[in-house]
Every structure is written in structure tokens, then in C-alpha cells.
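Letter by letter, the chains look like this.
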Amino acid sequence: MTSPKNDKNTRTTGRPTLNEVARLAGVSPITASRALRGVSTVATELVEKVQKAALELNYVVNPAARALASAQSHSVVVLVPSLSNLLFIDTLEAIHQVLRPKGFEVLIGNFHYSRDEEENLLRNYMAYQPRGLLLTGFDRTESSRRMIEASNIPCVYMMELDSAAGLNCVGFSQLAAGETAAEHLLSRGRQRLAYIGAQLDQRTLLRGEGFRKALQKAGRYDPDLEVLTPRASSVGLGGELFLQLIASHPDVDAIFFGNDDLAQGALLEAMRCGVKIPEQVAILGFNDLPASAHMVPRLSSISTPREAIGRRAAEQMLTLMAGNTVAKPVQDMGFELKVREST
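Since this is a predicted model, take the numbers as computed values, not measurements. (Residues numbered from 1 in each chain as written. Predicted model: local features only at pLDDT ≥ 70, side-chain atom pairs only at ≥ 80, totals over all residues. Heavy atoms only, no water.)

**Observations concerning the overall build of the chain**
Logical step 1: Assigned secondary structure in the chain consists of 12 helices and 12 strands.
Logical step 2: Structurally, the chain occupies a C-alpha span of about 95 × 40 × 35 Å along its principal axes.
Logical step 3: Counting the 343 residues in the chain, one finds 50% classified as buried.
Logical step 4: Within the chain, contacts between residues at least 6 apart in sequence are counted, and of these 69% link residues at least 24 apart.
Logical step 5: Entry remark: accessible area of the chain is about 16,600 Å², with carbon and sulfur atoms responsible for 50%.
Logical step 6: In the chain, 37 side chains carry a positive charge and 37 a negative one; their mean positions are 7 Å apart. (Helix = DSSP H or I, 4+ residues; strand = E, 2+ residues; numbered from the N terminus. Buried < 20%, exposed > 50% of the residue type's maximum accessible area, 1.4 Å probe, protein only. Contact = heavy atoms within 4.5 Å. Areas by Shrake-Rupley, 256 points an atom, 1.4 Å probe, with all protein chains shown as cover. Lys, Arg positive; Asp, Glu negative; His and termini not counted. Charge placed at Lys NZ, Arg CZ, Asp CG, Glu CD.)

Structure follows, in C-alpha cells:
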């Protein structure tokens, strides 16, 4: 009995290979690979042939095998602290829209505002030999920093700026946003201004710091009117903290909330208990989430360019992965104060 021929293009497991897909579609393996990765330079008719062949053969891409074959993967790792916050969903969508047409897969990790969890995700994703890293902010463990530096993988930081570190980053000044919030409320003649922040990630703390500095400069800062909690930000928590603050400091006439969901909860609770907004208390949010413009009253908020940040960060990443230097490594995308009925 003769042994079956060992075809190097066929897996011993019996699973279909990329070469088999290419043969069925009548294209080269490299064209099949590019078509399946969504590379925009592949002709539409060829993409359709390859996709039809892959479907017929029940072919599933093996990213680990692809990485071994090419000595590098076609994946970009994106780590965000939350997938329940629209801020990061919008950013992720923009990243995907830029990277996917260029043939890159986006590997998303959610570290739930935990530095240790982010470190574990980084360690696990490094096994995929990613081409790039898109990370949120600069607050992470020393082990994570060393891992990133030792990897020599292109990295772009999002949501925050640091011109002194020599890093590629896209975001805006959280500190300046907090200062703008205070200046706006002061310009409305408010005397007793409070800050309410939750989750206590670095960006929330920076916004609070900017708010505090502006109030100190104006001689209006009272440390008792700074409410910070590590609890997860939510509409319910916003209403709860609003009631607590009003009960303990009934003379408060303006509140800046570190997130829109907190401010939305405060508006709803104010309506329930008869506190007039903004006559008694002005309320200002942050991030300008879609529902904020439809609250009663409409919520004033600081609008953040989350889509633009994702898009620009992904564009920077493409430049770095091509082996080029980013002309402007620190990209300040700014923010916009949206003044509505609540202030």
C-alpha cells in the first residue's frame, strides 16, 4: 500500500487551507490573503471570488499561522477602559474604519479601568505579534511600560497629550477642559461651585484638577464641594451624588460633572425633587453624549472629539507601521463647550 502524497498545501488536520481557497478562486495565495483581509487595492470581482471560495470550503483564517508565515501579524491591538461608554465605542468605530480597508484586524481589549488588567491584556496580546498598539492615556503599571518599550512595536496613545515624553499621542488637554468648565460657570455669576467625579481614572482627576485651579484663581474654591468616588460612573450614581451634595450643601449653585451620565442622572433627580435647573443649580456635563441635547432641560456639556481622535490615531499608526516618522507626533484635537439650558 502506498502512503498518501504529502501535499504541503493541505493541512494534515483536513481543514481547508488558504492555498485551496486560492486555487478554487483562480487567484494567487497572496491575492486571496489580501482579499480576505479586506485590502482595498484588490479588485471587487476578485474579492467576491475569494469570499465565495472561502465560504464554499468553510475556510477560517488562522491569525497565528499568518503571523508565523509572514514573521508579523496584520493585527493592531486597541485597549480601552470601557465598552459600555459611548465615548470609546465612537473611537473604536473610527479606528476600525481607517484600519480595516488597509487589511488590518483590530483586536479590542477592555481593561475596566484596571492597570493590572491592562497589563495582563498587553501580555496576552503580545503573543499575537501585533503590528501596532493603540492605548488609552498614560496611566499604567511600570511593567506595562517596560513591556511596551521592549517590544519595539509602534504605539499611539489616545485621549491625553504629553509633549514632553517624546511619544505619539492624539487627544486634548483634560486639564484645560476642567478650567473651561469652571470659567463658564463663573461667567454665569455662580458663587458656590462643585465638582463631582466617579471612576477616578487619570482623565477624570485631571479634569477635576483643572476645575480646581480655575476656582482657586478666582477665589471660589471650597474643598468640601469636591466629591470624588471610585464607583463606576452611571446615571443612577449621578442622581444619588446630586441629592447627597444638595442635602449637605444647600447653597451650591453650580455643579460640574466629570461625565455626562452623572450629569444626566442629576437632571432627572432634580426634576423628581423639584430643584429648578438652572435657576437654583446650574449643571454642566462632560463628553456631550447623544442624549444630553435631549434632556429636560437640555444639558450643557463639553464636547470631546472622540471620533476624530480614533481616526487620527489610526492614521498615525498607519504611518508608523509603514516605517515612517509622524510629522506631528502630538495631535491636540481640542474640545468644544456646548452651552444649553442647564447652565
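**Observations concerning the sheet that holds strand β5 (residues 169–171)**
Logical step 1: Spatially, 6 strands are ordered β2-β1-β3-β4-β5-β11 in an open sheet, and the strand pairing comes out parallel. Two strands in the sheet have a free side with no partner beyond their single neighbour: β2 (105–110) and β11 (330–332). Across the sheet, the mean angle separating the axes of adjacent strands is 15° when strand polarity is ignored.
Logical step 2: Across 3 bridges, strand β4 (residues 155–159) lies against β5 in parallel orientation. Residue pairing in the sheet places M159 in a bridge with G171 of β5.
Logical step 3: The sheet strands contacting helix α6 (residues 115–126) are β1 (75–80), β2 and β3 (132–136), and the helix crosses β2 at an angle near 150°. (Pairing = 2+ DSSP bridges. Axes fitted to C-alpha atoms, helices over the stretch in contact; angles between N-to-C directions.)

**Section: the side chain of E118**
Logical step 1: As for its placement among the helices and strands, E118 is situated in helix α6.
Logical step 2: Setting aside its immediate chain neighbours within four residues, E118 contacts L79, F111, D139 and R140.

**Focus on the environment of R311**
Logical step 1: Inspection of the secondary structure assignment puts R311 in helix α12 (residues 306–321).
Logical step 2: A residue is classified by how much of its surface remains accessible, and R311, at 39% relative accessible area, is partly exposed.
Logical step 3: As for R311 and L135, which are separated by 176 residues in sequence, their C-alpha atoms are 14 Å apart.
Logical step 4: Those residues in contact with R311 that sit more than four places away from it in its chain are A94 and V98.

**Notes on the nonpolar core**
In a soluble, globular protein the nonpolar side chains are often hidden away together inside.
Logical step 1: Of all hydrophobic cores here, the largest spans 39 residues; its most connected members are L99, L134 and F211.
Logical step 2: Not counting residues within four places of it along the chain, the set of residues in contact with L99 comprises V76, F104, V106, L134, A314, L318 and M321.
Logical step 3: Judged by nonpolar contacts, the second largest core, of 23 residues, contains L237, F242, V252 and L299. (Core = buried A, V, L, I, M, F, W, Y, C linked by side-chain atoms within 4.5 Å.)

**Considerations on the packing of helix α10 (residues 235–248) against helix α11 (residues 260–273)**
Between two packed helices, what matters for the description is the angle formed by their axes and the separation of those axes.
Logical step 1: Across the interface, α10 lies against α11 with an axial gap of 6 Å and an inter-helix angle of 55°. Judged by the angle between their axes, α10 and α11 are oblique. When you trace α10 past α11, the crossing you get is right-handed. Contact residues: α10 offers V235, L237, G238, G239, F242 and L243, while α11 offers D261, L262, Q264, G265, A266, L268, E269, A270 and C273. (Parallel < 35°, antiparallel > 145°, perpendicular 65-115°, else oblique. Left-handed = near helix turned anticlockwise from the far one by under 90°.)

**Quick look at the packing of helix α8 (residues 174–187) against helix α9 (residues 202–218)**
Logical step 1: Running from N to C, α8 and α9 cross one another at 45°; their axes reach a closest spacing of 7 Å. By the angle between their axes, α8 is oblique relative to α9. Relative to α9, the crossing made by α8 is right-handed. Touching Q174, L175, G178, E179, A181, A182, L185 and L186 of α8 are R203, L206, R207, E209, G210, F211, K213, A214, L215 and A218, all from α9.

**Things to note about the sheet that holds strand β6 (residues 193–198)**
Logical step 1: Reading across from one edge, β7-β6-β8-β9-β10-β12 is the order of the 6 strands in this open sheet, with mixed pairing throughout. One side of each edge strand has no neighbouring strand; the edge strands of this open sheet are β7 (226–229) and β12 (336–338). In this sheet, neighbouring strand axes are inclined to one another by 15° on average, regardless of whether the strands run parallel or antiparallel.
Logical step 2: Sheet topology places strand β10 (residues 300–303) next to β12; 3 bridges connect them, and they run antiparallel. The residue bridging S301 from the neighbouring strand is K338, located in β12.
Logical step 3: Packing of α8 onto the sheet brings it into contact with β6, β8 (254–257), β9 (282–287), β10 and β12, and relative to β9 it is tilted by some 160°.

Remember, this is a structural readout, not a statement about activity or role.
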